[in-house]
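# Geometric and topological summary
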Amino acid sequence: MKKAVLVLADGTVFEGRAFGAHGETVGEVVFNTSMMGYQEILTDPSYVGQVVTMAYPEMGNVGANPEDEEAGKPHAVGMVVRMLSEKSSNWRAQETLDVYLKWHGVAGIQGVDTRRLVRHLRMHGAQQGIISSENHSPAALAERARSTPGMEGLDLATGVSTKEPYTFTTPSQDVFGGTPRATPPPRFDVVAYDYGLKRSMLQFLVDEGCRVTVVPAATTAEQVLARKPHGVFLANGPGDPAAVKGADRTVANLLGKVPVFGICLGHQILALALGGRTYKMKFGHRGANQPVKDLTTGKVEITAQNHGFAVDDASLKGKAVVTHINLNDGTVEGLSIPDARAFSVQYHPESSPGPHDARYLFARFAKLMAQ
Ligand SMILES: NC(=O)CC[C@H](N)C(=O)O
């Protein structure tokens, strides 16, 4: 198998072997602590411009299948694993992870000491890096990694957003062949801002009786209000929330006029719309085991997460109620503006992959629209 290297901008080198597409890829090197769900992770558009390191040591066991796509293709630009399973063993698998990544032109590196890499990123922060199976000169690769722009200031959401509005009506699926959940007849018209959304979010909205119209990130508040929606949903997405052109002003113009529910990038944009501030975290939260406390009930949820920016607590004083915090580092995980019938979470209630603890939030949005 072809030799490959991963070189970080700070010059640290990790050796391994190429898998997926051969060649070179550059992006922000981050890590995810989920044990499974790599296909949903790779296809989550929030990973645009990022090389994902999987902290769990074996990947690829269940191959790849058509149902686990969160968007039409992988959006992560590279994948780093300790051990790649060459065979896939699952009744849904249609190809191996290796072939799947080859098809989509995504470069991977296997055989990497991912424990060392994760510790390094935790200590020194997420940073630009290059996977290469062509050039093994660490100095040249580190130099190239350093010359690429980091996430701060990058509007990546506008680029991955849909170009045209469309309607979404597919409920969530039970891939295990059980009795499908009865979907209530559509009761609510919801406009969903696509900043780089995951399909499963829309499916859970449909499960709650929503007729969803997905609109481009640049859609104005007037255009949305003209559709007379019962609620507006702000989706997840890649890049720096503060760089998404016009999004804060647009959401500010919607607040108070219609119930709003935001997830991840949507949550960050809601905070910005209120006059709050976001900042880049040292290495972010990515995984399916992040403990979050609901301050209104005292209950702890284990949540799925994928973010590198966060909302500054102090900047929300007098503007919103912080409803959830992360128990690992105390960062803001949820907020609410009761007067405006708006709320948001930094984590992923749709999980995909991850625990289902927080799925009730979709029902909370439906309840808000019903009032
Ligand atoms: N999943 C998301 O929506 C991520 C939001 C934002 N791009 C961040 O990294 O914080």
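Residues numbered from 1 in each chain as written. Predicted model: local features only at pLDDT ≥ 70, side-chain atom pairs only at ≥ 80, totals over all residues. Heavy atoms only, no water.

Turning to the packing of aromatic side chains, a few remarks are in order. Considering all chains together, one arrives at seven aromatic pairs under this definition. The interplanar angle of 35° and the centroid separation of 5.6 Å between the aromatic rings of F204 and F362 together place this pair among those described as tilted. Of the two residues, F204 sits in helix α6 (residues 199-207) while F362 sits in helix α10 (residues 360-370), which places them 158 residues apart along the sequence. Each member of the pair, F204 together with F362, is buried. Ring geometry for F261 and F365: centres 5.4 Å apart, planes at 45°, overall tilted. Separated by 104 residues along the polypeptide, F261 in strand β14 (residues 260-263) and F365 in helix α10 bring together distant segments of the chain. Of note, R116 hangs over the ring of F14, and the distance from its end group to the ring centre comes to 4.2 Å. Positioned above the aromatic ring of F309 is the side chain of K280, whose terminal nitrogen or guanidinium carbon lies 5.7 Å from the ring centre. (Phe/Tyr/Trp six-rings, centres within 6.5 Å; stacked < 30°, edge-to-face > 60°. Helix = DSSP H or I, 4+ residues; strand = E, 2+ residues; numbered from the N terminus. Buried < 20%, exposed > 50% of the residue type's maximum accessible area, 1.4 Å probe, protein only. Lys NZ or Arg CZ within 6 Å of the ring centre and 35° of its normal.)

To continue, consider helix α8 (residues 247-254). Within the span of α8, buried status applies to A247, T250, V251 and L254. One side of α8 carries all its buried residues, which in axial view fall inside an arc of 95°. Lining the buried residues of α8 we find β11 (188-194), α7 (221-225), β13 (231-234) and α9 (265-273). Of the residues flanking the end of α8, it is G256, one or two places downstream, whose phi is positive at about 90°. (Arc of directions from axis to C-beta. Contact = heavy atoms within 4.5 Å.)

With respect to the secondary-structure elements, G150 resides in the loop between α4 (138-147) and α5 (157-160). Sequence separation of G150 and E15 is 135 residues, and the distance between their C-alpha atoms is 23 Å.

This next bit is on the pattern of salt bridges. Under the criterion given, the structure shown has nine salt bridges. The partner of R146 in a salt bridge is E143, with the nearest N and O atoms 3.2 Å apart. One end of the pair, R146, and the other, E143, are both in helix α4, three residues apart, so they sit about a helical turn from each other. Using a relative accessible area of 45% as the deciding quantity, one classes E143 as partly exposed. Notably, a salt bridge pairs E350 with K198, separated by 2.9 Å at the nearest N-O pair. Here E350 is found in the loop between β19 (342-345) and α10, whereas its partner K198 is found in the loop between β11 and α6, with 152 residues between them in sequence. Like E350, the residue K198 is buried in the burial classification. Bridged by salt links that share partners, the residues E67, D68 and R92 form one connected network. (Salt bridge = Lys/Arg side-chain N within 4 Å of Asp/Glu carboxyl O.)

Moving on, we get to the site of the ligand. Lining the immediate surroundings of the ligand are 13 residues, of which G239, C264, N306, G308 and F309 lie closest. In the model, a nitrogen atom of the ligand is placed 2.7 Å from a nitrogen or oxygen of the G239 main chain. The backbone of F309 places a nitrogen or oxygen atom 2.8 Å from an oxygen atom of the ligand. The fraction of the free accessible surface of the ligand (300 Å²) that becomes covered by protein chains is 97%. Those elements giving two or more residues to the shell around the ligand turn out to be α9 and β16 (300-311). If one sorts the elements of the shell around the ligand by residue count, β16 sits on top with four residues. (Near = heavy atom within 4 Å. Polar contact = N/O pair within 3.5 Å; in protein donor to acceptor, adjacent residues only side chain to side chain. Areas by Shrake-Rupley, 256 points an atom, 1.4 Å probe, with all protein chains shown as cover.)

What follows concerns the sheet that holds strand β2 (residues 13-20). Pairing is mixed in the closed barrel, where seven strands are placed in the order β1-β2-β8-β6-β4-β3-β9. Here the average twist between neighbouring strands, direction ignored, is 35°. Where strand β3 (residues 24-32) and strand β4 (residues 50-54) come together, five bridges link them in parallel fashion. Bridge pairing links F31 to T53 in β4. Across the face of the sheet, helix α3 (residues 114-124) comes into contact with β1 (3-8), β2, β3, β4, β6 (78-80) and β9 (127-132) while running at roughly 80° to β3. (Pairing = 2+ DSSP bridges. Axes fitted to C-alpha atoms, helices over the stretch in contact; angles between N-to-C directions.)

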